[in-house]
Amino acid sequence: MKSSKINACIKISVIALCLLGCKKDSTQAVIDTPVVQVTVPEIYKKIYGASSITSDGTYITIKTTGMPDHKSIYYNATNSLYQDFSGTTYGGYTFKKNPNAVVGFNYTFKIPVNPQVAAVHAPTALAAIGVSLNGVPFYNQYAGPNQPLTNEFMSFDQYYGHPTANGNYHYHVEPLYLTTVKATKSSLLGFLLDGFPVYGTEENGVKVTNAMLDAYHGHTHSTTEYPNGIYHYHITDADPYINGSGYYGTPGTVTQ
């Protein structure tokens, strides 16, 4: 009888602790330690902004809210990550805030564990085309159907991101927080939906230009994370910035 009572008390205590621990302010970009399966390749553990990373052997499934872990003028003024911003932004443009605000979503990115070159290179969409290390989505080089980013550059915040009308915060260009604070300009910065990695604006101390890359904005050779070599994308400071004429490999999926 005593043993049953003790066990019951333990169960009640555990439930109480879980309820207390699960309370979060959804307006905050809370980055917890991701739940990562043992079977997930080590490289994906670098995606520190994920809430969970799992694998079925064919796809890596990455869940994230898409909310940046850095300061932004696009957070609500009551949010601890809100920071006012003015002056110069990407490309030397004078910053002009768009009317949108950061909103959290339930993104699920499914990318191939073993990416392969595609027979037919699918075009990228006007939405998330990949995921960065902090869980923020990468977008392509267009503001709209075949519309260049020219009229959007001035709305990029202090770390070169901004939200859509629906609140989807994203990067079209170099994610400055990752390349200058969390990592470096030559570091791995994330993955596109086809599973191929995205690296920064420099390689071996040299600035990467579009002329050094193929039509899909990448090339193949060894990297720190892939010593045996792999196709990988690079971010540059000229259109198409992250990705060129579609995915090099066959893309997985993203839902929100």
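Since this is a predicted model, take the numbers as computed values, not measurements.

Draft legend 1. Expanded view of the packing of aromatic side chains. This structure, assessed with the given rule, holds 18 aromatic pairs. The interplanar angle of 80° and the centroid separation of 5.8 Å between the aromatic rings of Phe 153 and Phe 156 together place this pair among those described as edge-to-face. Pair check on accessibility: Phe 153 and Phe 156 agree, each one buried. An aromatic cluster of three or more residues is present, and its members are Tyr 90, Tyr 93, Phe 153, Phe 156, Tyr 160 and Tyr 241. Sitting above the plane of the Tyr 59 ring, Lys 110 keeps its charged end 5.3 Å from the centroid. Its guanidinium or amino end placed over the ring of Tyr 48, Lys 182 lies 4.7 Å from that ring's centre, counting from NZ or CZ.

Draft legend 2. Main features of the nonpolar core. Counting residues in each nonpolar core, the largest one holds 59 residues, and the members touching the most others are Tyr 44, Ile 62, Phe 138 and Tyr 233. Where this core is concerned, the elements lending two or more residues are β3 (59-64), β4 (107-112), β10 (169-171), α2 (176-182), β11 (188-192), β12 (197-199) and β16 (230-234). In terms of residues, this core owes the most to one element, β11, which gives four residues. When neighbours within four sequence positions are excluded, Ile 62 is seen to be in contact with Ile 47, Ala 50, Ser 52, Ile 53, Tyr 107, Thr 108, Phe 109, Ile 111 and Val 131.

Draft legend 3. Spatial organisation of the pattern of salt bridges. Evaluated as defined, the whole model comprises four salt bridges. Here Glu 225 and Lys 46 are joined by a salt bridge, their closest N and O atoms 2.8 Å apart. Of this pair, Glu 225 sits in the loop between β15 (218-221) and β16 while Lys 46 sits in the loop between β1 (35-36) and β2 (52-55), placing them 179 residues apart in sequence. For Glu 225, a relative accessible area of 23% gives the class partly exposed.

Draft legend 4. Layout of the confidence of the model for the protein. Confidence in the prediction for the protein averages 89 pLDDT; 86% of positions are at 70 or higher. Under a pLDDT of 50 for its full length, residues 1-27 has, in the predicted model, six contacts with residues more than four places off or in other chains.

Draft legend 5. Geometry of the environment of Val 208. Within the secondary structure, Val 208 is located in the loop between β14 (206-207) and β15. Residue Val 208 is classed as buried on the basis of its relative accessible area of 1%. Through-space distance from the C-alpha of Val 208 to that of Ile 235 is 7.8 Å; in sequence the pair is 27 residues apart. Ignoring any residue separated from it by four or fewer positions in sequence, one finds Val 208 in contact with Gly 200, Thr 201, Glu 202, Glu 203, Leu 213, His 234 and Thr 236.

Draft legend 6. Summary view of the environment of His 232. Here His 232 is to be found in strand β16. Assessed through its relative accessible area of 0%, His 232 is described here as buried. As for His 232 and Leu 188, which are separated by 44 residues in sequence, their C-alpha atoms are 9.5 Å apart. Reaching out from His 232, the side chain makes a polar contact with the side chain of Glu 203 at a distance of 3.3 Å.

Draft legend 7. Highlighting the side chain of Ser 55. The topology assignment puts Ser 55 in strand β2. Of note is the side chain of Ser 55, whose polar atom sits 3.0 Å from the backbone nitrogen of Gly 57. Separated by 3.4 Å, the side chain of Ser 55 and the backbone oxygen of Tyr 59 make a polar contact.

The rules we used
- Residues numbered from 1 in each chain as written.
- Predicted model: local features only at pLDDT ≥ 70, side-chain atom pairs only at ≥ 80, totals over all residues.
- Heavy atoms only, no water.
- Phe/Tyr/Trp six-rings, centres within 6.5 Å; stacked < 30°, edge-to-face > 60°.
- Buried < 20%, exposed > 50% of the residue type's maximum accessible area, 1.4 Å probe, protein only.
- Lys NZ or Arg CZ within 6 Å of the ring centre and 35° of its normal.
- Core = buried A, V, L, I, M, F, W, Y, C linked by side-chain atoms within 4.5 Å.
- Helix = DSSP H or I, 4+ residues; strand = E, 2+ residues; numbered from the N terminus.
- Contact = heavy atoms within 4.5 Å.
- Salt bridge = Lys/Arg side-chain N within 4 Å of Asp/Glu carboxyl O.
- pLDDT = per-residue confidence, 0-100.
- Polar contact = N/O pair within 3.5 Å; in protein donor to acceptor, adjacent residues only side chain to side chain.

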